[in-house]
Amino acid sequence: MADSLRDQLLKSGIVKQVQQDRAREPKRPTLPPGKPARKGGKPHAARPSEQSQQDIDLAKAYALRAQTEARERQRIEREAAEQARLRRERKQRIQQLLEGKALNKAEAEQPRNFEYGGKIRRVHVDAAQLAALNAGELGVVQQGGRYLLVSREVAEQVRDIDPHQLALLVDPNAAGTGDDGVPDDLMW
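Residues numbered from 1 in each chain as written. Predicted model: local features only at pLDDT ≥ 70, side-chain atom pairs only at ≥ 80, totals over all residues. Heavy atoms only, no water.

**Topic: the overall build of the protein**
In terms of helices and strands, the protein carries four helices and five strands. Counting across all 188 residues of the protein, residues that qualify as buried make up 23%. Pairs at least 24 residues apart make up 52% of the contacts formed inside the protein by residues separated by at least 6 positions. Accessible surface for the protein amounts to roughly 14600 Å². Of this, 52% is attributable to carbon and sulfur atoms. (Helix = DSSP H or I, 4+ residues; strand = E, 2+ residues; numbered from the N terminus. Buried < 20%, exposed > 50% of the residue type's maximum accessible area, 1.4 Å probe, protein only. Contact = heavy atoms within 4.5 Å. Areas by Shrake-Rupley, 256 points an atom, 1.4 Å probe, with all protein chains shown as cover.)

**Structural notes on the packing of helix α1 (residues 5-12) against helix α2 (residues 50-98)**
Interaxial distance between α1 and α2 falls to 11 Å at its minimum, and their mutual angle equals 70 degrees. Classified by the angle their axes make, α1 and α2 are roughly perpendicular. Two secondary-structure elements touch here, α1 through Leu5, Arg6 and Leu9 and α2 through Gln54, Leu58, Ala61, Tyr62 and Arg65. Of the residues assigned to the contact of α1 with α2, the class counts are five nonpolar, one polar and two charged. (Axes fitted to C-alpha atoms, helices over the stretch in contact; angles between N-to-C directions. Parallel < 35°, antiparallel > 145°, perpendicular 65-115°, else oblique. Nonpolar A, V, L, I, M, F, W, Y, C, P; charged D, E, K, R; others polar.)

**Thoughts on the sheet that holds strand β5 (residues 166-169)**
One open sheet holds the three strands; their spatial order is β4-β3-β5, and the pairing between them is antiparallel. This sheet does not close on itself; its edge strands, each paired only once, are β4 (146-151) and β5. Across this sheet, the average inter-strand angle for adjacent strands is 25 degrees, counted without regard to direction. Taken together, the six bridges between strand β3 (residues 138-143) and β4 define a ladder with antiparallel strand orientation. Paired with Val140 across the strands is Leu149, a residue of β4. (Pairing = 2+ DSSP bridges.)

**Let's talk about the environment of Glu107**
Mapped onto the fold, Glu107 is located in the loop between α2 and β1 (110-116). Judged by its relative accessible area of 59%, Glu107 is exposed. Along the sequence, Glu107 and Asp126 sit 19 residues apart, while their C-alpha atoms lie 8.2 Å from each other.

**Here's the deal with the packing of aromatic side chains**
One pass over the full model with this rule turns up two aromatic pairs. Considering the side-chain rings of Phe114 and Tyr147, the 5.5 Å spacing of their centres and the 80 degrees angle between planes classify their relative orientation as edge-to-face. With a gap of 33 residues between them, Phe114 in strand β1 and Tyr147 in strand β4 connect regions that are remote in the sequence. Both rings, one in Tyr116 and one in Tyr147, keep their centres 5.9 Å apart while their planes meet at 85 degrees; by these two values the pair is edge-to-face. Here Tyr116 is found in strand β1, whereas its partner Tyr147 is found in strand β4, with 31 residues between them in sequence. For Tyr116, a relative accessible area of 16% puts it in the buried group. (Phe/Tyr/Trp six-rings, centres within 6.5 Å; stacked < 30°, edge-to-face > 60°.)

**Quick word on the pattern of salt bridges**
Tallied over the full model, the rule gives nine salt bridges. The partner of Asp162 in a salt bridge is Arg90, with the nearest N and O atoms 3.9 Å apart. Of this pair, Asp162 sits in the loop between α4 (152-161) and β5 while Arg90 sits in helix α2, placing them 72 residues apart in sequence. Overall, the relative accessible area of 12% leaves Asp162 in the buried class. Exposure remark for Arg90: the relative accessible area of 27% places this residue in the partly exposed category. A network of salt bridges, in which partner residues are shared, links Glu72, Arg75 and Glu79. (Salt bridge = Lys/Arg side-chain N within 4 Å of Asp/Glu carboxyl O.)

**Some remarks on the packing of α2 against α4**
The contact between α2 and α4 brings their axes to 10 Å, and the two run at 170 degrees. Classed by the angle they form, the pair α2 and α4 counts as roughly antiparallel. Listed contacts from α4 to Arg90, Arg93, Ile94, Leu97 and Leu98 of α2 are Val154, Gln157, Val158 and Ile161. Taken together, the residues that form the contact of α2 with α4 break down as six nonpolar, one polar and two charged.

**As for the pairing of β1**
Alignment of β1 against strand β2 (residues 119-125), held across seven bridges, turns out to be antiparallel. Of the residues in β2, the one forming a bridge with Glu115 is Ile120. The turn linking β1 back onto β2 is made up of two residues, and Gly117 within it adopts a positive phi angle of 65 degrees.

By themselves these figures say nothing about function.
Spelled out as structure tokens, the structure:
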């Protein structure tokens, strides 16, 4: 069975245990004989009882916990805002870098398939671009949901800014066959 909040706070050390005498209720003052009892039966509140002291300690613990949680939320929000700002800056730098440097041709009909983001993607190229892409002279960059064909230098600059945006850049020093022994430029 789950511990009560009070027990959890005591175990964590946030609240110090106040003397627990729950078994013994505070004794009511006995009246001398002959003195009439007060109407309403309420005792005088001369000092706070043990229960009210525990309530105060629990209230302090709740306030402390709320402050700690608020600080943690603010820290997480600041970190998320900083990450978002950095992503926006990287995206803007890449967009400025790619401006006017895309080599995609509208009339290109030959697809070049490649793996990016765990899926097979495609970019349309002509025969000269296909040979240059497979030789590592050209690269493919993902920007705004499109795959742009760019020169190797631009692709390397994009990789320096944000490696996740570089979709394809063939290493010219690597052999022309993939891991499975099939040439990369084999057309089916």
